[in-house]
Amino acid sequence: MKTAHGAVHGGRHLRTSAPVLKFGIPAGSLQEATAELFRQAGYRITFRSRSYYPEIDDPEIECILIRAQEMARYVQVGVMDAGLTGHDWIVENRAKVVEVAELVFSKVSRRPVRWVLAVPEDSPIQGPRDLQGKHIATEAVNLTADYLERHGVEASVEFSWGATEVKPPRLADAIVEVTETGSSLRANNLRIVDTIVQSTPRLIANETAWKDDWKRRKLENMTLMLRGAMAAEGKVGLMMNVPKDKMDGVVAVLPALQKPTLSGLVNGDWIAVNTVIDESVVRDIIPRLKEAGASGIVEYPLSKIIE
C-alpha cells in the first residue's frame, strides 16, 4: 500500500519519489521546548522511547534527533536538509550552512547564552593578550582557537569533557565556558574576562537543499508558522463594543504600540474594537476599559500572530 512516504513491501518500507524534508530536532535541553513550539505552530511531534526518529503529523517531513553540538555538521554534509541548533555550534563546527531564521523560543533560551573567557578571581589574566602561552580548557575548541587567532595569541587549547569550571587553576589557566547568568562561574570563584560569542537558536538549512524550490518553500512555510507561534506567546486578543462618543477614551487606555481594528456595528452609534495586548496587563486594562465605556469585552487566547 502506497503512502506519502513510500510503499510497504515484504515488511520493508520502500521510498518513492515523493519529496521529503529531512529535519533535525535538537536532543537534550531544547528537545521538549522545540516540540512545544512546533505544537503551537500546528505540528505535532511525538517522541518514542529509545528511538531517534520522532514522529510528526506531516508526511512531507522526516525528523531525526541529533545533539545540537553536531547538528550543523550533519546539515552541512546533507545527512539532514535542515535542523535547529545554536549559533555557537555553527561557529564551532565552522559549518557552511544557510541560517534561515533566529528562533528565540524557549523560556530557557529567551536571553542569548554567552561563551565567555573565565579565570580564577586572583588570576593575573585581565584580557586575551595575557593568554599567551597559557593553557585553556573548553568544550568549544574551534571557537576558542578562532578567538585566540583574532587576537594574535598562541595558547594551548584542550577539549574538556565536562566539569570545566573546576579545572582552574590546577588543570588550566583559563576556561571558555557557556553561561547565561554567570552564577555557576561565580560559585566556582571564577570571574569573566571577556565574552567570545553570544548565541541563540537558529533554523539552518543545507546549501543544496535551500536551492531546491520545494524544500525551500517547505522551510519558508515552516518558519512563517514558527515565528507566528513565537509572536503570539504571552499575548491575548481583546474584543469589545464601544459607543462612538467613548472611543477616544477607550483607545487612550490601550497600549500605545497596538493599533486596534475598528469596524462598524449594525447600530451605527457603536464600534467593534479588536486588539492584541500582553497577557500580563489584561487584569489592569480590562477594568479601565470598562470604566472608559467599553462593554461586551471578550478575552481570547492566541496561537499564532502572522505579520
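Residues numbered from 1 in each chain as written. Predicted model: local features only at pLDDT ≥ 70, side-chain atom pairs only at ≥ 80, totals over all residues. Heavy atoms only, no water.

(A) Main features of the overall build of the protein. When helices and strands are tallied, the protein shows 9 helices and 18 strands. Taken against the 2.2 N^0.38 rule, which gives 19 Å for 307 residues, the C-alpha radius of gyration of the protein at 26 Å runs more than 25% over that of a compact globule. Each of the three principal axes of the protein carries a C-alpha extent, and together these read 80 × 65 × 35 Å. Classification of the 307 residues of the protein by burial places 42% in the buried group. For the protein, the computed accessible surface area is about 16,900 Å², with 50% contributed by carbon and sulfur atoms. Charge separation in the protein, taken as the distance between the mean sites of 38 positive and 40 negative side-chain charges, equals 3 Å. (Helix = DSSP H or I, 4+ residues; strand = E, 2+ residues; numbered from the N terminus. Rg over C-alpha atoms; globule rule 2.2 N^0.38 Å. Buried < 20%, exposed > 50% of the residue type's maximum accessible area, 1.4 Å probe, protein only. Areas by Shrake-Rupley, 256 points an atom, 1.4 Å probe, with all protein chains shown as cover. Lys, Arg positive; Asp, Glu negative; His and termini not counted. Charge placed at Lys NZ, Arg CZ, Asp CG, Glu CD.)

(B) Representation of the sheet that holds strand β17 (residues 270-278) within the structure. Strand order in the open sheet formed by 4 strands is β16-β17-β15-β18, and the pairing between neighbours is antiparallel. Each having just a single partner strand, β16 (261-264) and β18 (295-301) make up the two edges of the open sheet. With direction set aside, neighbouring strand axes in the sheet form an average angle of 20 degrees. Here strand β15 (residues 235-243) pairs with β17 via 9 bridges, running antiparallel. In the sheet register, P243 faces β17, and the bridge partner there is W270. (Pairing = 2+ DSSP bridges. Axes fitted to C-alpha atoms, helices over the stretch in contact; angles between N-to-C directions.)

(C) Summary view of the pattern of salt bridges. Under the counting rule described, the total for this entry stands at 11 salt bridges. As a salt-bridge pair, D57 and R44 come within 3.7 Å of each other at their nearest N and O atoms. Of the two residues, D57 is situated in the loop between β5 (55-56) and β6 (61-67) and R44 in the loop between α1 (31-41) and β4 (45-46); the sequence distance between them amounts to 13 residues. Judged by relative accessible area, D57 falls into the partly exposed class, the value being 37%. Of the charged contacts, one joins R48 and E55 as a salt bridge, the two residues approaching to 3.4 Å between their closest N and O atoms. Connected via shared salt-bridge partners are D58, E60 and K218. (Salt bridge = Lys/Arg side-chain N within 4 Å of Asp/Glu carboxyl O.)

(D) Quick peek at unusual backbone geometry. Of the consecutive residues P168 and P169, the connecting peptide bond is found in the cis state with omega at 0 degrees. We note that A163 has phi near 50 degrees; this positive angle belongs to a residue other than glycine. Here A163 lies in the loop between β11 (156-159) and β12 (174-179).

(E) Geometry of the packing of α1 against helix α7 (residues 213-232). Contact pair α1 / α7: the axes reach a minimum separation of 8 Å and the direction vectors enclose 100 degrees. With respect to α7, the axis of α1 lies roughly perpendicular. Contacts from L37, F38, Q40 and A41 of α1 reach α7 at M222, M225, L226, A229 and M230. A breakdown of the residues in the contact of α1 with α7 according to their chemical character gives 8 nonpolar, 1 polar and no charged. (Parallel < 35°, antiparallel > 145°, perpendicular 65-115°, else oblique. Contact = heavy atoms within 4.5 Å. Nonpolar A, V, L, I, M, F, W, Y, C, P; charged D, E, K, R; others polar.)

(F) Examining helix α2 (residues 68-77) more closely. A68, M71, A72 and V75 are the residues of α2 that are buried. All buried residues of α2 lie within an arc of 90 degrees about the axis, which places them on one face of the element. At its buried positions, α2 is contacted by β3 (21-27), β6, β7 (82-86), α3 (87-92) and β14 (201-205). Directly after α2, the chain includes G78, whose backbone phi takes a positive value near 90 degrees. (Arc of directions from axis to C-beta.)

(G) Region of interest: the packing of aromatic side chains. As enumerated under the stated definition, the model contains 4 aromatic pairs in all. Each member of the aromatic cluster is reached from another via a ring pair, and the members are F23, F38 and Y43. The aromatic ring of Y74 is capped on one face by R73, whose charged end is 4.8 Å from the ring centroid. (Phe/Tyr/Trp six-rings, centres within 6.5 Å; stacked < 30°, edge-to-face > 60°. Lys NZ or Arg CZ within 6 Å of the ring centre and 35° of its normal.)

(H) Spatial organisation of the nonpolar core. Ranked by size, the top nonpolar core spans 27 residues in total, and within it F23, F38, L203, L219, M222 and L226 carry the most contacts. Going through the elements one at a time, β3, α1, β6, β7, β8 (98-102), β14 and α7 are the ones with two or more residues in this core. No other element matches the 5 residues that α7 contributes to this core. Apart from the residues lying within four places of it in its own chain, the contact partners of L219 are L21, F23, A82, L203, A205 and W210. (Core = buried A, V, L, I, M, F, W, Y, C linked by side-chain atoms within 4.5 Å.)

(I) Structural context of the sheet that holds strand β13 (residues 190-199). Taking strand neighbours across the sheet as the criterion, the 5 strands line up as β11-β10-β12-β9-β13 in an open arrangement whose pairing is mixed. Since the sheet does not close on itself, it has two edges, and those belong to β11 and β13, each with one partner. Neighbour-to-neighbour, the strand axes of the sheet open up by a mean angle of 25 degrees, direction not taken into account.

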